[in-house]
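# Summary of the model geometry
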Amino acid sequence: MFNFEGQVVLVTGSGSPRGMGRIFAQKFAELGAKVVLCDINQEGIDANVKELKAAGYEATGYTGNLTNEDDVNSMVDDIVAKYGRIDVLVNNAGISQKVTVADMTLADMQRIFSVNMFGLFVLTKKVCEVMKKQNYGRIVHLSSVSGKRGGGVFGGAHYSASKAAVLGFSKNLAREVSQYGITTNCVCPGLINTDIWKSMSEEQAKPVIDAIPMGRPGEPEEVAAAIVFLASKEASYITGEEIDINGGSHMD
Ligand SMILES: NC(=O)c1ccc[n+]([C@@H]2O[C@H](COP(=O)([O-])OP(=O)(O)OC[C@H]3O[C@@H](n4cnc5c(N)ncnc54)[C@H](O)[C@@H]3O)[C@@H](O)[C@H]2O)c1
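Cut-offs applied
- Residues numbered from 1 in each chain as written.
- Predicted model: local features only at pLDDT ≥ 70, side-chain atom pairs only at ≥ 80, totals over all residues.
- Heavy atoms only, no water.
- Helix = DSSP H or I, 4+ residues; strand = E, 2+ residues; numbered from the N terminus.
- Rg over C-alpha atoms; globule rule 2.2 N^0.38 Å.
- Buried < 20%, exposed > 50% of the residue type's maximum accessible area, 1.4 Å probe, protein only.
- Contact = heavy atoms within 4.5 Å.
- Lys, Arg positive; Asp, Glu negative; His and termini not counted.
- Charge placed at Lys NZ, Arg CZ, Asp CG, Glu CD.
- Pairing = 2+ DSSP bridges.
- Salt bridge = Lys/Arg side-chain N within 4 Å of Asp/Glu carboxyl O.

### Details of the overall build of the protein
Along the backbone of the protein there are nine helices and seven strands. Against the 2.2 N^0.38 benchmark of 18 Å for 252 residues, the protein shows a C-alpha radius of gyration of 17 Å, consistent with a compact globule. Its C-alpha atoms give the protein principal-axis dimensions of roughly 50 × 35 × 35 Å. Expressed as a percentage of the 252 residues in the protein, the buried residues total 51%. Excluding contacts between residues fewer than 6 apart, the proportion of contacts in the protein whose partners are at least 24 apart in sequence is 76%. The average position of the 24 basic charges and that of the 29 acidic charges among the side chains of the protein differ by 4 Å.

### Thoughts on the environment of Thr183
Position of Thr183 relative to the elements: it lies in strand S6 (residues 182-189). In this structure, the C-alpha to C-alpha distance between Thr183 and Glu241, residues 58 residues apart in sequence, is 9.4 Å. When neighbours within four sequence positions are excluded, Thr183 is seen to be in contact with Gly137, Arg138, Ile139, Leu230, Ala235, Ser236, Ile238 and Thr239.

### What about the pairing of S6?
Counted residue by residue, S6 has eight buried out of eight residues, so it is predominantly covered. Here S6 shows a buried face lined by Ile182, Thr184, Cys186 and Cys188 and a second buried face lined by Thr183, Asn185, Val187 and Pro189. Examined bridge by bridge, strand S5 (residues 137-142) and S6 share six bridges and lie parallel to one another. Residue pairing for S6: Gly137 is matched across the bridge by Ile182.

### Examining the pattern of salt bridges
For the structure on display, the rule yields 12 salt bridges. Here Lys27 ties to Glu30 by a salt bridge, and the two come within 3.5 Å at their closest N and O atoms. Residue Lys27 and its partner Glu30 are located together in helix H1 (residues 20-30), separated by three residues, close to a single helical turn. The exposure class of Glu30 is partly exposed, given its relative accessible area of 46%. Across the pair Lys148 and Glu242 runs a salt bridge whose closest N-O atoms are separated by 3.3 Å.

Take a look at the structure:
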């Protein structure tokens, strides 16, 4: 049903070897998009772009730090010089830290927000300039179940707060950019089968799984399916929305 031929899709945080960004980029490539991967991890970007190219897809990689405005602006200028447009932005890059508020420092709080919210803001603002000119755009942000209900296995209150901030940012942005044919939505994954999950012992995993009605973590492909839908032309009347992808672990 969904076709991204002729579209340029930028996925941040797509340099992780077993993270979700790699799977998102693959999915969009399979659906015909020219995919642009970016990450602070150069080795990871090189490997993931190589993999896509070997499969016959059009893929470009950028190494940069999303918290650095110069990196972000030059990457977007470069993409536009190369492809002329950016149709879809998937704000996937994110960091976390397991720490209680009692042990958290202001520097911890600033570090988490600098990537999860401020970096996302800098890139989204710049990409919106491009999307406004083309009068079309789809933005999908990775929030989290922890941004809605707090808690979660891997993050502290700073992580939850940053992911809640993304929800508010997306809704406000929707009010500003709808007139330019741009939609902005969030996905809120619960526990997903990435490296973090694989690193847990059986003893650590049991209570987590017991709290999920579906009795298992989600797969990156299951998050990709919702992102592809929100990024499609077909999702043209959905903006400021969020989709929970959590096996029933949080329902609202
Ligand atoms: N895995 C889960 O269970 C889960 C659940 C809910 C939400 N999420 C969110 O989904 C997204 C992807 O999660 P994941 O598990 O695949 O994570 P991951 O750690 O595998 O991937 C995140 C990527 O972001 C990159 N990154 C970090 N800081 C960066 C920066 N300053 N500039 C550029 N790139 C940077 C990392 O290098 C990494 O490749 C994150 O935003 C995460 O918070 C994950």
